[in-house]
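Notes for the structure review
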Amino acid sequence: MGLVKIADFDPVQSLQSAAEVTVAEQLPEGVDAIAVPVRAGAPAPDPLGLDAAALAAAGFTGKRGQTLVVPGSGGPVQVAVGLGDPETVDADLVRDAAADFARAVPQHKALAMHVPAGLTIGADEFARAAVEGALLARWSFYLGGAERPGGLASLSLVADEAADLDAAREGARRGQVVARAAALARDLASCPAETLTATRIGEIAEQLGAQTGLQVEVFGKDEIVQMQCGGLLGVNRGSMQPPRMIRLRYEPSDPTGRLALVGKGIMYDAGGISLKPSDESHSQMKNDMTGAGAVLASMTALRDLGCRTAVVGYLMCTDNMPSGSAMRLGDVLTMRNGKTVEVLNTDAEGRLVMADALVLATEEPVDAVVNIATLTGQCLRTLGTEVAGVMGNNPDVVAQVVAAGAAVDEPLWELPLLRSYRKQLASTVADMTNMGGANAGSITAALFLEEFVDGRPWAHIDIAGTAQAPAERTWRNKGATGTGARTLIELAMRFARPEAATTTPDGRIGA
């Protein structure tokens with residue numbers, strides 16, 4: 001097979017989930033497999049046709065994370081799904097349970113799940129989490145043909161009599177909106193660099209904006225020169241592909257707050273002159289635009305969720321390649337705000353492109369700025385592949401980011417923004433360098449970014465560790481995770497104007 005054509009990735013098809021999601025009181029016809037939630041210590045539900053003793057003999061007790069496939073005779077396959085203690089059932093458990101169910105019957109395309117009453121979680125939350133879990137667990141990315149392997153044709157939620165049917169329907173709808181945004185983020189991060197160039201992601205943003213109520217502006221190289229975005233232009237110097245700066249706007253009537261999102265969009269990161277080693281991690285550098293993908297994907301969901309926050313998004317997109325014209329070590333770049341940066345490592349390029357976007361964001365009438373990026377390998381080594389790092393100059397904004405991640409089970413951990421480390425960025429020929437010392441690289445990278453927010457309330461999310469998963473786990477797939485899209489959606493939905501922050505004498509941030 002020859003090279004994949006740039007036009008082969010259809011973003012609108014990606015946005016629209018192939019699975020039909022319905023909520024009903026009765027099991028619809030044509031279902032292949034149905035999940036029957038089982039609470040630990042409770043009698044086995046009637047649909048299973050097995051009592052508790054028979055389930056226990058098969059090793060199933062209803063604990064969290066347990067599944068047991070019970071073949072049917074002429075009807076759908078029954079899958080017992082453990083909920084554990086009914087007093088501790090929450091959205092995370094339901095999302096995981098739905099994903100475990102979907103993975104337990106990978107050959108079946110039409111799935112159903114009972115929505116039980118009498119839990120501590122409402123029918124709306126249950127339905128939303130179940131839809132997210134099942135759809136994301138069965139997501140796949142495939143450029144080899146028209147049909148994705150492993151996908152779902154339909155997902156039906158069967159509400160018990162005591163459950164609130166209307167609430168379950170609304171929860172399912174919202175779950176589908178969030179799941180399709182997360183799937184889009186995964187698609188974008190999975191695209192080969194030859195398929196998803198900076199030019200192409202600009203075209204995709206325009207297509208998606210027309211479908212989802214976003215205002216989209218795409219700026220080419222000449223316009224970027226006029227905007228004096230020296231960081232983006234410097235990183236782009238080694239690439240044959242032109243850069244793009246993409247601005248997205250979501251503007252509801254009478255917004256309750258204004259939020260700016262900035263995403264790193266390095267479409268492929270070879271490291272520039274500071275060439276990366278030729279190993280497996282290098283082959284995954286097509287996902288160095290996961291931050292930009294998360295911003296774009298999250299904003300496609302805002303209208304359908306009725307978000308009351310006005311959001312402006314900036315995607316800074318280019319390759320980082322070595323060539324005769326590439327940015328060199330020792331070069332000095334002038335950023336949009338006039339600050340000069342001495343380049344000590346061309347592989348510390350993400351902070352350069354985002355610096356310009358942060359300046360642009362602060363020129364907007366926003367209440368806070370949040371950026372997201374696969375920024376530092378040190379964050380991966382500090383927090384691993386399941387927790388993202390967050391730092392910022394305002395504890396209220398950082399707390400809102402952490403809370404949003406916790407709500408959607410994309411955990412974040414705050415690292416200290418120690419101002420005493422700022423001296424590691426000192427330069428003898430410019431205002432600053434783009435690299436600190438050998439240690440605390442995640443913190444010095446954040447301190448670099450802070451130089452461009454002009455004191456605005458700001459938080460920085462480092463997803464270098466969580467953008468790529470080494471193995472599948474519940475609704476999390478192996479490979480590009482699309483992490484951050486669901487967190488940014490939740491942040492925008494619950495965003496509140498932050499309180500002012502003060503700086504303590506040792507340079508730490510305090511309320």
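The structure under discussion appears in the preceding block.
Residue positions are given per chain, counted from 1 along the sequence in the order it is written. Thresholds applied to this predicted model are a pLDDT of at least 70 for local features of residues and 80 or more for the giving and counting of side-chain atom pairs; totals over whole chains, interfaces and linings are not thresholded and use all residues. Excluded from the side-chain calculation are hydrogens and water; included are all heavy atoms of the structure.

Attention now goes to the overall build of the chain. When helices and strands are counted, the chain shows 16 helices and 21 strands. The C-alpha atoms of the chain give 24 Å as radius of gyration, which agrees with the globular expectation for 511 residues (24 Å, within 12%). The principal-axis extent of the C-alpha atoms belonging to the chain is close to 75 × 60 × 45 Å. Relative accessibility decides the category of a residue: with a 1.4 Å probe and only protein chains considered, values under 20% of the type maximum give buried, values over 50% give exposed, and everything between is partly exposed. For the chain, the proportion of its 511 residues judged to be buried stands at 57%. We call two residues in contact when some of their heavy atoms are within 4.5 Å. Of all intrachain contacts in the chain linking residues separated by at least 6 positions in sequence, the fraction that spans at least 24 positions is 78%. Roughly 19800 Å² of accessible area belongs to the chain as shown, and the carbon and sulfur atoms make up 51% of that amount. Where helices and strands are cited, they refer to DSSP runs of H or I of at least four residues and of E of at least two residues respectively, numbered from the N terminus. Here the radius of gyration uses the C-alpha set of atoms, whereas the globule reference equals 2.2 Å times the residue count to the power 0.38. Only the protein chains shown count as cover for residues, with accessible areas throughout obtained via the Shrake-Rupley method and a probe of 1.4 Å.

Turning to the packing of helix α14 (residues 395-407) against helix α16 (residues 485-494), a few remarks are in order. Note on method: axes are straight lines fitted to C-alpha atoms, helices fitted across the in-contact stretch only, with angles between N-to-C directions ranging 0 to 180 degrees. For the pair α14 and α16, the least separation of the axes is 8 Å and the interaxial angle reads 120 degrees. With respect to α16, the axis of α14 lies oblique. Helix-helix and strand crossings are classified by hand; for α14 and α16 the assignment is right-handed. On α16, the residues touching Q400, V401, A403, A404, G405 and A407 of α14 are T487, E490, L491 and R494. Convention used here: angles under 35 degrees read as roughly parallel, angles over 145 as roughly antiparallel, angles from 65 to 115 as roughly perpendicular, and any remaining angle as oblique. By definition, turning the near helix anticlockwise from the far helix through less than a right angle yields a left-handed crossing, and turning it clockwise yields a right-handed one.

On to the pattern of salt bridges. One side-chain nitrogen of Lys or Arg within 4 Å of one carboxyl oxygen of Asp or Glu is enough to make a salt bridge. Evaluated as defined, the whole model comprises 32 salt bridges. Across the salt bridge formed by D304 and R303, the nearest N and O atoms sit 3.6 Å from each other. As a salt-bridge pair, E451 and R422 come within 2.7 Å of each other at their nearest N and O atoms. Within this pair, whereas E451 is found in the loop between α15 (441-450) and β17 (458-462), its partner R422 is found in the loop between β15 (412-414) and β16 (432-433), the two being separated by 29 residues in sequence. For R422, a relative accessible area of 22% translates into the label partly exposed. What you see here is one network of salt bridges that share partners, running through D92, R95, R128, E132, E410, R486, E490 and R494.

Quick look at the packing of helix α10 (residues 290-299) against α16 now. Contact pair α10 / α16: the axes reach a minimum separation of 8 Å and the direction vectors enclose 50 degrees. In terms of their interaxial angle, α10 and α16 are classed as oblique. At the point where α10 passes α16, the crossing takes the right-handed sense. For the pair α10 and α16, contact is made by A294, V295, A297 and S298 and by A485, L488 and I489, respectively. Residues are grouped as follows: Ala, Val, Leu, Ile, Met, Phe, Trp, Tyr, Cys and Pro are nonpolar; Asp, Glu, Lys and Arg are charged; every other residue, Gly included, is polar. Grouping the constituent residues of the contact of α10 with α16 by class yields 6 nonpolar, 1 polar and no charged.

This brings us to the state of the cysteines. Cysteine sulfur pairs qualify as disulfides if the two atoms are within 2.5 Å. Summed over the entire model, instances satisfying the criterion amount to 0 disulfides. Note on C191: no disulfide assigned, nearest cysteine sulfur contributed by C317 at a separation of 13 Å. Taking relative accessible area as the criterion, C191 reaches 1% and is therefore assigned buried.

Once that is clear, we can look at the sheet that holds β15. Two pairing modes exist for strands in a sheet, parallel and antiparallel, and in both the strands are linked by backbone hydrogen bonds. Should DSSP find at least two bridges between two strands, the strands are regarded as paired. Within the open sheet, the 8 strands sit side by side as β7-β8-β10-β9-β13-β17-β14-β15. Their pairing is mixed. Looking at the sheet topology across the chains shown, the edges are occupied by β7 (215-219) and β15. Adjacent strand axes in the sheet meet at a mean angle of 20 degrees, parallel and antiparallel pairs treated alike. The sheet strands contacting helix α6 (residues 198-212) are β7, β8 (244-250), β9 (257-269) and β10 (309-320), and the helix crosses β8 at an angle near 15 degrees.

Right, let's get into the sheet that holds strand β4 (residues 77-84). Overall, mixed pairing links the 6 strands, which are arranged β1-β6-β5-β2-β4-β3 in an open sheet. Single-partner strands in this sheet number two, and they are β1 (20-24) and β3 (67-70). Taken pair by pair, the neighbouring strands of this sheet meet at an average axis angle of 20 degrees, ignoring direction. Note: strand β5 (residues 110-115) against strand β6 (residues 154-159), 6 bridges, orientation parallel.

This paragraph deals with α6. Compared with the 21 Å implied by 1.5 Å per residue over 15 residues, the 21 Å span of α6 between its first and last C-alpha is a close match. Listing the buried residues of α6 in full gives A198, R200, I201, G202, I204, A205, L208, G209 and T212. Two residues or fewer after α6 comes G213, characterised by a positive phi angle close to 80 degrees. Take the residue count of a helix, subtract one, and multiply by 1.5 Å to get its expected span.

Put simply, buried Ala, Val, Leu, Ile, Met, Phe, Trp, Tyr and Cys residues joined by side-chain atoms within 4.5 Å make one nonpolar core. Core analysis: the biggest nonpolar cluster contains 49 residues, and L296, V370, I461 and L488 have the highest contact counts within it. Top contributing element to this core by residue count: α10, with 6 residues. Setting aside chain neighbours within four positions, we find V370 in contact with L259, A260, L261, V262, V397, V401, A459, I461, L488 and L491. If you look at the next biggest cluster of nonpolar residues, it comprises 46 residues, including L233, V366, A445 and F448.

Patch membership is restricted to residues that have no salt bridge and whose relative accessible area is over 30%. Joining uses 9 Å for like charges and 5 Å for the nonpolar side chains Val, Leu, Ile, Met, Phe, Trp and Tyr. Note on charges: Lys and Arg go in the positive column, Asp and Glu in the negative column, and His and the chain ends are not counted at all. To locate a charge, take atom NZ for lysine, CZ for arginine, CG for aspartate or CD for glutamate. Taken together, the side chains of D90, D124, E125 and D164 define an acidic patch exposed on the protein surface. With respect to the secondary-structure elements, D164 resides in the loop between β6 and α5 (165-190). Take D164: its relative accessible area is 45%, and that puts it in the partly exposed class.

Each α-helix winds once per 3.6 residues, and so residues spaced three or four apart point in a common direction. The buried fraction of α16 is high, at 8 of 10 residues. Along α16, the residues classified as buried are A485, R486, T487, L488, I489, E490, L491 and A492.

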